[in-house]
Amino acid sequence: MPKKVVSKVDQLLDELIESDHSPEAILGEGGLLKQLSKRLVERVLQSELSHHLAQAESDPQSPPNSRNGYSAKTIQADFGQVEIQVPRDRQSEFEPILVKKGQRRLAGLDEKVIALYGRGLSTRDIQAQLQELYGVELSATLISQVTDGVMEEVRTWQSRPLDKVYPIVWLDALRVKIRLEGRVHNQAVYLILAVNLEGNKELLGLWIAPTEGAKFWLGVLTDLKNRGVEDIFIACVDGLSGFPEAIATVYPQTTVQLCLVHLVRNSLKFVSWKHYKAIVTDLKSIYRATTLTQAEDALTGFAQTWDHLYPMISQIWLRHWEHIIPFFAYPPEIRRVIYTTNAIESLNRCLRKVLKTKGAFPDTDSVVKLLYLALTHIALKWTRPNWKSALARFAIDFPGRVPL
């Protein structure tokens, strides 16, 4: 077995921790990690100044320059709060790169603040987390300034150009509380989740309005059109009145499919726990039917079994049947993708977990900022459906509309 080679760095570290390798001695306040980080920052600053002086010396037009002592500076970083000695030059021309003039936080700390905020932590929780983990004290004002810096990125994202074609989009809205003119109001956050031609999920945008309505959705869809979306094959929506008509106004070729998750949930509002499981099973026999004829027979059977107790359920399905039946025209590979209306439901569920940690938001910007940051984490967990077979079927069912 070859002998393990021990580097000089390993030897130095072994010597440093030889006398005391307790957690407090290494990780605690004034511990080895903090002291090494402090020395490393100071050594880098010394090297930067040496490079600056060498460049000045090689330029015959530059005035003579040299080192001129140090100035103390307190910085905040992942390893906590520490005071460093920043070298100076006599001509005051030296501009450090690692710790710039006026900079009080090293790179990495802002990212941690933004990540914690995006997971729904309040300003007070972020303060406590950073204090506990890194010994860093940040004011509420500073945390707000760091997270507010995201808004320019949000505005760019919200107005970015979109693809010309999206095979499937899901349109939904969730509720938030926003304080407006001293009073708390319920507002609707409009969300559009899509699957692009590569099979990847993409949130196209989010919009805020006092209530959810087809008229506002018409404006949202027009915004998509203005940002480059020319065609949508299938739009999955809830049962909002006027929704299909709004879609047809902007995208007349789009097939509107009622969200089965919303439909089932609305049906179960009327059901007692005594009959809950039996009705869920019978509803599955409708939307999991192989053909439209089987689905119609299952709905008739459901009405015969349950109309004497819950007549409103079959009426809901019959009223929306026009926008339920497109589902049965598709093969299993597309049905599975469409039924991932669970995708928008899963997204909403994750966003609600973040939102519930907040009370009423002070303004709409704070809502958009939080949801945008939360989405960056949620999107990391998105998976792709079995897309190749679905895309091949789209090419057959929507001839001439799939870009080659």
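For the structure itself, consult the block above.
Residues numbered from 1 in each chain as written. Predicted model: local features only at pLDDT ≥ 70, side-chain atom pairs only at ≥ 80, totals over all residues. Heavy atoms only, no water.

Colleague: How should I be thinking about unusual backbone geometry in this particular structure?
Modeller: Both trends apply: most residues other than glycine have a negative phi, and most peptide bonds are in trans. We note that Ser92 has phi near 55°; this positive angle belongs to a residue other than glycine. Of the residues examined, Ser92 reaches a relative accessible area of 55% and is grouped as exposed. (Buried < 20%, exposed > 50% of the residue type's maximum accessible area, 1.4 Å probe, protein only.)

Colleague: Mind showing me how you'd approach the sheet that holds strand β3 (residues 165-180) here?
Modeller: Pairing between sheet strands relies on hydrogen bonds along the backbone, with the strands arranged either parallel or antiparallel. In spatial order, the strands read β5-β4-β3-β6-β7; together these 5 strands make up an open sheet with mixed pairing. The open sheet is flanked by β5 (201-209) and β7 (255-258), the only strands paired with a single partner. This sheet shows a mean twist of 25° between the axes of neighbouring strands, independent of strand direction. Where β3 lies against strand β4 (residues 183-195), 13 bridges are found, and the strand directions are antiparallel. Across the sheet, Leu171 pairs through a bridge with Ile192, a residue of β4. Across the face of the sheet, helix α8 (residues 214-226) comes into contact with β3, β4 and β5 while running at roughly 135° to β5. Contacts from helix α16 (residues 364-378) reach β3, β4 and β5, with the element oriented near 165° to β5. (Pairing = 2+ DSSP bridges. Helix = DSSP H or I, 4+ residues; strand = E, 2+ residues; numbered from the N terminus. Axes fitted to C-alpha atoms, helices over the stretch in contact; angles between N-to-C directions. Contact = heavy atoms within 4.5 Å.)

Colleague: Just to check I follow, could you spell out α16 for this structure?
Modeller: It helps to recall that an α-helix has 3.6 residues per turn; residues three or four apart then point in one direction. Relative to the 21 Å expected for 15 residues at 1.5 Å per residue, α16 spans 21 Å between its end C-alpha atoms, a close match to the ideal helical length. All of the buried residues along α16 are Ser366, Val367, Val368, Lys369, Leu370, Leu371, Tyr372, Leu373, Ala374, Leu375 and Ile378. The residue sitting at the N-terminus of α16 and contributing the capping side-chain oxygen is Asp363; that oxygen lies 3.3 Å from the backbone nitrogen of Asp365. (Expected span 1.5 Å × (residues − 1). Polar contact = N/O pair within 3.5 Å; in protein donor to acceptor, adjacent residues only side chain to side chain.)

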